[in-house]
Amino acid sequence: MKTTMKYLGLVIAIMTLTFTSCSKDGEIGPMGPAGANGINGIDGVDGQDGQDGEDGNANVTASDWFEPTESSFSVNNPRYKALPLATNLNSGLLEDGVILVYYDNDVDIYLLPNHVFAPDGTILKSVDSKINRASRNIYVNIQRSDSDLTPREYLWDPSGPAYGKGVRFRYVIVPSNAASGKKATIDYKKMSYEEVMDHFGLDY
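Residues numbered from 1 in each chain as written. Predicted model: local features only at pLDDT ≥ 70, side-chain atom pairs only at ≥ 80, totals over all residues. Heavy atoms only, no water.

Visitor: So what about the sheet that holds strand 8 (residues 137–144)? Which residues, and what values?
Guide: Overall, antiparallel pairing links the five strands, which are arranged 2-3-8-7-6 in an open sheet. Looking at the sheet topology across the chains shown, the edges are occupied by strand 2 (75–76) and strand 6 (114–117). In this structure, strand 3 (residues 80–86) lies alongside strand 8, joined through six bridges in antiparallel fashion. Residue A86 lies in a different strand from strand 8, and its bridge partner there is I138. (Pairing = 2+ DSSP bridges. Helix = DSSP H or I, 4+ residues; strand = E, 2+ residues; numbered from the N terminus.)

Pasting the structure below:
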């Protein structure tokens, strides 16, 4: 009996030690080495270039329509009229800019110069623009060689009949910095009046 109790006590002691050792966690081991970097993914496809912005008119000088009266002319002869259209302009604009002067006869709008020819090819009437760089002015000259000018050929009457109000003028000056780069390939003098106005977003 004593021997049995001795073995039983030994078994209980061994079991107690076993449970005690299993219940305690061991110490945290050292951190392992960092893993190798993954393979770089394939670059995505580049997006499409955006469209060019529309041309602006911030640097473009454009006058309103000038409607001449008898007192508007610096020279007012029966067959020759000289009309100051713009005065004291920036000399850089006159030297380097593209100057477009338009002539509206209440039927069509023309880029000056504009001529009327006789059957033999001689000029009967001319409407032209001149630049005086000394005074920095733009003039419009109206001249007939075969007869006196009629009022409808050099004046504008806002209350006149449709297609018979007379003539009026305006100018557009495109500075050299606005006529460079992409715009340098554009010949504004080969464009219609409407095309130029639309190109720069100007009122007709």
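Visitor: Account for the packing of aromatic side chains, with residues named and values stated.
Guide: Scanning all chains against the criterion turns up seven aromatic pairs. Judged by centre distance (5.3 Å) and plane angle (40°), the rings of Y188 and F200 are tilted. In this pair, Y188 sits in the loop between strand 9 (168–174) and helix 3 (193–200) while F200 sits in helix 3, placing the two residues twelve residues apart along the sequence. As far as burial versus exposure is concerned, Y188 and F200 are alike and both buried. Among the aromatic residues, those joined into a ring-pair cluster are W65, Y102, Y193 and Y204. For K81, the ring lying beneath its charged end belongs to Y154, and the centroid distance is 4.1 Å. (Phe/Tyr/Trp six-rings, centres within 6.5 Å; stacked < 30°, edge-to-face > 60°. Buried < 20%, exposed > 50% of the residue type's maximum accessible area, 1.4 Å probe, protein only. Lys NZ or Arg CZ within 6 Å of the ring centre and 35° of its normal.)

Visitor: Residue-level account of the pairing of strand 4 (residues 98–104), with values.
Guide: In terms of residue burial, strand 4 counts as a mostly covered element, since six of its seven residues are buried. Pairing analysis gives seven bridges linking strand 4 to strand 9, with the strands arranged antiparallel. Paired with I99 across the two strands is I173, which belongs to strand 9. Bridge count for strand 4 against strand 5 (residues 109–111) is three bridges, and the pairing is antiparallel.

Visitor: Tell me what's going on with the nonpolar core, and back it up with residues and numbers.
Guide: In this structure, V101, I138, V140, I142 and F169 are the most contacted members of the largest nonpolar core, which totals 22 residues. Residues within four places of I142 in sequence aside, it is in contact with F73, R79, Y80, K81, S126, V127, L149, E153, Y154 and F169. Ranked by size, the runner-up nonpolar core spans 13 residues in total, among them V174, M191, V196 and L202. (Core = buried A, V, L, I, M, F, W, Y, C linked by side-chain atoms within 4.5 Å. Contact = heavy atoms within 4.5 Å.)

Visitor: How would you summarise the pattern of salt bridges if you had to cite specific residues and measurements?
Guide: As enumerated under the stated definition, the model contains eight salt bridges in all. Note that D128 and K130 form a salt bridge whose closest N and O atoms lie 3.6 Å from each other. Classification of D128 as buried rests on a relative accessible area of 18%. A salt bridge links R144 to E153, with the shortest nitrogen-to-oxygen separation between them at 2.7 Å. Via salt bridges that share partners, K125, R144, D146 and E153 belong to a single interconnected network. (Salt bridge = Lys/Arg side-chain N within 4 Å of Asp/Glu carboxyl O.)

Visitor: Residues and numbers for the side chain of D106, please.
Guide: Among the structural elements, D106 can be located in the loop between strand 4 and strand 5. From its side chain, D106 meets the backbone nitrogen of Y163 in a polar contact 2.8 Å long. A distance of 3.0 Å separates the side chain of D106 from the backbone nitrogen of K165, its partner in a polar contact. Apart from the residues lying within four places of it in its own chain, the contact partners of D106 are W156, P161, A162, Y163, G164, K165 and G166. (Polar contact = N/O pair within 3.5 Å; in protein donor to acceptor, adjacent residues only side chain to side chain.)

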